[in-house]
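Structural overview for review
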Amino acid sequence: MKNNLIKAVVCLVLVAGLYADADAQRQPRRRTNNPTTQPQGNEQQNNNNTAPPTYNPAVSVPITYDTAGAGTGAPKPSLRNDNAFDKGSLTARTPLPYEHLRWDDALFAEKVWRELDLREKMNQTFRYQAQDDNGSQIFLDILLKAVKKGDVTAWTDDRFTTPLSMDELNQKVAGGYDTADRVDINDPSKIVARVVTLKTFDPNSVVKLRIKEEWVFDRESSRMFCRILGIAPVQTVFAENGKERGQTVMFWIYYPDLRATLAKYEVYNPKNMGQSRMTWEELFESRMFSSYILKSTMDNAANKNIRQYIKDPILALLEGDNIKEKIFNFEQDLWSY
C-alpha cells in the first residue's frame, strides 16, 4: 500500500513539471509581437505616423494619377500683328460650292482609295512644325481640333455609318500611361508613392493618311471630276519589342464637311511664305500631294486591296499606276484629234 502511494505522488510531480515546462514555452510566443504578421491596414496606418518603409514589391504603395500634362492647351494668339501685311481676311474664307453632278450624266464613275506617305518630300507640308494664332499647323492637329470643337464628325468606317464618340476618340489619341516612383526627400531609398501620368499624344507618330475619292465623267460638261469623299489618319502599331505589327485607321472624316475648316488654314510654302496664299482646301482640290493607290472599284469584284492579291510591293505600286492610267485614258479616248 505504501509503495502504491509513493508511485502516485511521483507521477503527480512529473505531470506537474511537464505542464509547467509546456506553459513556459507557450508564454514567450504569446508575448512576442512580430510586425511582419500584422494586417496590411495597420502597417499602412503606422507608416503615416512614422518614416516611409523601404520599397517592397510585395507591399502596395499609394498610387496617384496626374493628368495635368495630358492636353496641349489652347493656343495663345498674338497680341500684335505678327506679319508685315494684313491677314485678317484669311479666317473669313469660305470654299466655293461644288458643281452639281446629276446621276444621269455620270457616264463613268469609279471609287479609288489612296494613301499618302507624309515622309515623302512633296508631303512635308503636312508635318509643318509651327504654332499660329489658330494653334498647331500639323495637319493631324487640324483634324483633331475640328473634331473636338464639333465642326466635323469622326466616323469609324469609310462609309460613314457609325459616328465615333468623344471618349472613343480620346482613347485612340491617348499616348499611353507612364509610372514613376516618388521617393522620400530625406531618404531616396524609400518610396512614398507611385505617380501615374498620361503621355501626350505625338501627332508626328502618324506618318500616313488615307483618302477615299470618286472619279466621275460628266457628259453634260464633257469633263472628268474628282471628288474627295473622306480623309483618315493611319497609325502604325508597334509590339513591346519595338517591331512594327501593322497599321490601323484611327477615324474617318467626311471631306465635304471638312472643307470649311480647311479653307481657314494656310499651307506652308518652303520657297516663299509671302506668296503662300493657298489653303488646305485648295491643296486637296488642286491635288498637290503625292500618293499611291491602295484599292479601286475597277475590275475588283472581290472588293480587295491591291496588296491582297498582289503580294510583291513593287508590282502592287505598278498595279496602282495601271489603274491611274485607265482612268486617264478613258477621258482621253472620248476625244478625236
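What this report covers is the structure whose coordinates are included nearby.

**Examining the nonpolar core**
Residues Phe126, Phe139, Ile231, Trp280 and Phe284 are the most contacted members of the largest nonpolar core, which totals 34 residues. Looking at this core, the elements with two or more residues in it are α3 (139-148), β8 (208-218), β9 (223-238), α5 (255-262) and α6 (280-286). Each residue touching phenylalanine 126, except ones within four places of it in the same chain, is listed here: Leu116, Leu118, Ile138, Phe139, Leu209, Trp280, Leu283, Phe284 and Phe289. Of all hydrophobic cores here, the second largest spans 13 residues; its members include Trp215, Ile306, Ala316 and Ile323.

**Remarks on α3**
When you tally the buried positions in α3, you get seven out of ten residues, the bulk of the element. All buried positions along α3 are accounted for by Phe139, Leu140, Ile142, Leu143, Leu144, Ala146 and Val147. Remark: glycine 150 follows α3 within two positions and exhibits a positive phi of approximately 85°.

**Re the side chain of arginine 114**
Counting through the fold element by element, arginine 114 comes out in strand β2 (residues 106-117). Separated by 2.4 Å, the side chains of arginine 114 and glutamate 213 make a polar contact. With residues up to four places along the chain from it excluded, the contact list for arginine 114 reads Leu209, Arg210, Ile211, Glu213, Trp215, Arg287, Ser291, Tyr292, Ile293, Leu294 and Lys324.

**A look at the packing of aromatic side chains**
Under the criterion given, the structure shown has 13 aromatic pairs. On the numbers, 6.4 Å between centres and 35° between planes, the contact of tryptophan 280 with phenylalanine 284 is tilted. Within this pair, tryptophan 280 and its partner phenylalanine 284 are both found in helix α6, separated by four residues, close to a single helical turn. Note on accessibility: tryptophan 280 and phenylalanine 284 belong to one class, buried. Three or more aromatic residues link up through ring pairs in this structure, and these residues are Phe126, Phe139, Tyr255, Trp280, Phe284 and Phe289. Lying over the aromatic face of phenylalanine 225, arginine 223 brings its terminal NZ or CZ to 4.1 Å of the ring centre. A cation over a ring is seen here: arginine 227 above tyrosine 98, with NZ or CZ 4.3 Å from the ring centre.

**Let's talk about the packing of α3 against α5**
Put simply, α3 and α5 touch, their axes get as near as 11 Å, and they point 105° apart. Our classification of the angle between α3 and α5 gives roughly perpendicular. Residues Phe139, Ile142, Leu143 and Ala146 of α3 form the contact with α5, whose participating residues are Leu258, Thr261 and Leu262. By residue class, the composition of the contact of α3 with α5 is six nonpolar, one polar and no charged.

**A few points about unusual backbone geometry**
Phi is positive for serine 222, close to 55°, though the residue is something other than glycine. Note that serine 222 resides in the loop between β8 and β9. Residues other than glycine seldom take positive phi values, yet asparagine 303 does so here, at roughly 55°. If you trace the backbone, asparagine 303 turns up in the loop between β12 (292-296) and α7 (306-309). On the accessibility criterion, asparagine 303 (48% relative accessible area) is partly exposed.

**What to know about helix α8 (residues 313-332)**
Under the 1.5 Å per step criterion, the end-to-end length of α8 is 29 Å for 20 residues, consistent within 8% with the ideal 28 Å. In this structure, the buried residues of α8 make contact with β2, β8, β9, β12 and α7. Here α8 starts with a cap whose side-chain oxygen sits 3.1 Å from the backbone nitrogen of isoleucine 314, and that cap is aspartate 312.

About the thresholds
- Residues numbered from 1 in each chain as written.
- Predicted model: local features only at pLDDT ≥ 70, side-chain atom pairs only at ≥ 80, totals over all residues.
- Heavy atoms only, no water.
- Core = buried A, V, L, I, M, F, W, Y, C linked by side-chain atoms within 4.5 Å.
- Buried < 20%, exposed > 50% of the residue type's maximum accessible area, 1.4 Å probe, protein only.
- Helix = DSSP H or I, 4+ residues; strand = E, 2+ residues; numbered from the N terminus.
- Contact = heavy atoms within 4.5 Å.
- Polar contact = N/O pair within 3.5 Å; in protein donor to acceptor, adjacent residues only side chain to side chain.
- Phe/Tyr/Trp six-rings, centres within 6.5 Å; stacked < 30°, edge-to-face > 60°.
- Lys NZ or Arg CZ within 6 Å of the ring centre and 35° of its normal.
- Axes fitted to C-alpha atoms, helices over the stretch in contact; angles between N-to-C directions.
- Parallel < 35°, antiparallel > 145°, perpendicular 65-115°, else oblique.
- Nonpolar A, V, L, I, M, F, W, Y, C, P; charged D, E, K, R; others polar.
- Expected span 1.5 Å × (residues − 1).

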